[in-house]
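Now for the letters of each chain:
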Amino acid sequence: MTTTSAAGSVRTAWRWIVRLPARLLLLLLRGYQLVISPMTPPSCRFYPSCSEYAVRAVRIHGVLRGGRLAAWRVLRCNPWNYGGVDDVPGDVRRPAVQENESRKPEAPEHTCFRTEDPACMELS
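This write-up is about the structure you can find in this document. What you are looking at is a predicted structure, and each value in this text was computed from that prediction instead of being measured.

## Looking at the pattern of salt bridges
Next up, step 1: For the structure on display, the rule yields 3 salt bridges.
Next up, step 2: A salt bridge links E52 to R56, with the shortest nitrogen-to-oxygen separation between them at 3.4 Å. Of the two residues, E52 and R56 are both situated in helix α2 (residues 50-76); the distance of 4 residues between them amounts to about one turn of the helix.
Next up, step 3: On the basis of relative accessibility, which here comes to 22%, the residue E52 falls in the partly exposed class.
Next up, step 4: Relative accessible area serves as the criterion here: at 9%, R56 is assigned to the buried category.
Next up, step 5: The salt bridge involving D86 is made with R73; its shortest N-O contact spans 3.6 Å. Here the residue D86 occupies a position in the loop between β2 (84-85) and α3 (118-123), and R73 occupies one in helix α2, the gap between them amounting to 13 residues. With respect to burial, D86 and R73 carry one shared label: buried.

Procedures and definitions
- Residues numbered from 1 in each chain as written.
- Predicted model: local features only at pLDDT ≥ 70, side-chain atom pairs only at ≥ 80, totals over all residues.
- Heavy atoms only, no water.
- Salt bridge = Lys/Arg side-chain N within 4 Å of Asp/Glu carboxyl O.
- Helix = DSSP H or I, 4+ residues; strand = E, 2+ residues; numbered from the N terminus.
- Buried < 20%, exposed > 50% of the residue type's maximum accessible area, 1.4 Å probe, protein only.

Put into structure tokens, the structure is as follows:
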């Protein structure tokens, strides 16, 4: 065994240990989505749902910050909040709703308010 392969295996083991809490939390969240969530009516006021938001937050930001974002989201999901689209901060790979460029209003070709202007008279 060479020193580079030993260092590589130590690095791999260290990565696995560091990622273990996030993987356990993601396993719990996925279990909730598969077992408990189907038994309850859809009641989340936000899109994506709170559990999907938690999964995205933990994948992007890790256990500590992602868990804090998910807990804050669950606290905001109450009858006094209107809800709506709420993406995870920093989620540039897959936003929940993408803007459609074709729905933006087009600017008018010209805006002439004075008809005495020769340029405006040509356009009308």
